[in-house]
Amino acid sequence: MAAHRALLLIDIQKGFDTPFWGNRNNPDAEKKAGQLLNAWRQAGAPIIHIRHLSRNAGSPLHPSTGSGVDFKDEVTPQDGETVFEKSTNSAFIGTPLEAYLHEHGISDLVICGLTTPHCVSTTTRMAANLGFGVTLAHDACASFDVSADTTWADGLQKPSPQMIHEMAVSHLHGEFCTALSTDTILATFA
């Protein structure tokens, strides 16, 4: 089964360590993603890293930032691991991801990364719509203050990063994926 189930790590990059994003929830997200990555490596199962290269020159994920686009230490790809680069929220748009999954007989994805309501959510939704089975490692994802813009509604209180994360996962679970903890995924990984 492991050969048909790939780990998809989305945008776990050093640029997310800057103050630009504001406060965040789940400071252990990268550690949890690293645990998943280690399990997939030990099993020799498919691993795909996604790197976001922003088109916005002011973003910490713009190529001009230097190390901002680098993967965080916990999840740095090893030689031979697949890396796709994107500039939109979905890892499927402008990348060979879908073709790669089909070519390698991958039918299921375990997704983790940054940020929960943006690139993780968009990729999860699209993966499900394309017919892939999706498990979301909810505790290997995180959200930031900047992840919710409430300026569209007068008087609307800005949600916390934890609330943003919980709502994003809740919108996905049961419709586009099954949200599970890293420990649960690792306990059932075969």
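Residues numbered from 1 in each chain as written. Predicted model: local features only at pLDDT ≥ 70, side-chain atom pairs only at ≥ 80, totals over all residues. Heavy atoms only, no water.

Draft legend 1. Summary view of the side chain of Gln13. With respect to the helices, strands and loops of the structure, Gln13 is situated in the loop between strand S1 (5-10) and helix H1 (29-43). Among the polar contacts made by the side chain of Gln13, one reaches the main-chain amide nitrogen of His52 at a distance of 2.6 Å. Among the polar contacts listed, one links the side chain of Gln13 to the backbone oxygen of Val69, at a separation of 3.2 Å. Once you skip the residues sitting within four places of it in the chain, Gln13 turns out to touch Ile50, Arg51, His52, Leu61, Gly68, Val69, Asp70, Phe71 and Lys72. (Helix = DSSP H or I, 4+ residues; strand = E, 2+ residues; numbered from the N terminus. Polar contact = N/O pair within 3.5 Å; in protein donor to acceptor, adjacent residues only side chain to side chain. Contact = heavy atoms within 4.5 Å.)

Draft legend 2. Layout of unusual backbone geometry. For the bond running from Leu114 to Thr115, omega is -15 degrees, close enough to zero to count as cis. In this model, Asp11 sits at a positive phi of 55 degrees, which is unusual for a non-glycine residue. By the element assignment, Asp11 lies in the loop between S1 and H1. On the accessibility criterion, Asp11 (1% relative accessible area) is buried. (Buried < 20%, exposed > 50% of the residue type's maximum accessible area, 1.4 Å probe, protein only.)

Draft legend 3. A look at H1. With 15 residues, H1 should reach 21 Å at 1.5 Å per residue; the first-to-last C-alpha distance of 21 Å fits that figure. Burial in H1 covers these residues: Ala29, Glu30, Lys32, Ala33, Gly34, Leu36, Leu37, Ala39 and Trp40. Buried residues belonging to H1 abut S1, strand S2 (47-52), strand S4 (108-114), strand S5 (133-142) and helix H5 (182-188). Positive backbone phi, at 70 degrees, marks Gly44, one or two positions downstream of H1. (Expected span 1.5 Å × (residues − 1).)

Draft legend 4. Looking closely at the environment of Pro60. The topology assignment puts Pro60 in the loop between S2 and strand S3 (82-86). Its relative accessible area of 9% is what places Pro60 among the buried residues. Placed 73 residues apart in sequence, Pro60 and Gly133 show a C-alpha to C-alpha distance of 32 Å. In contact with Pro60, other than residues within four places in its own chain, are Gly15, Thr18, Phe20, Trp21, Thr65, Gly68 and Val69.

Draft legend 5. Spatial organisation of the environment of His4. Mapped onto the secondary structure, His4 falls in the segment before S1. Under the relative-accessibility criterion, His4 is labelled partly exposed at 42%. The spacing of His4 and Leu109 is 105 residues in sequence and 8.4 Å in space, taken between C-alpha atoms. Discounting chain neighbours no more than four positions away, the residues touching His4 are Gly105, Ile106, Ser107 and Asp108. For His4, the side chain forms a polar contact with the main-chain oxygen of Gly105, separated by 2.8 Å.

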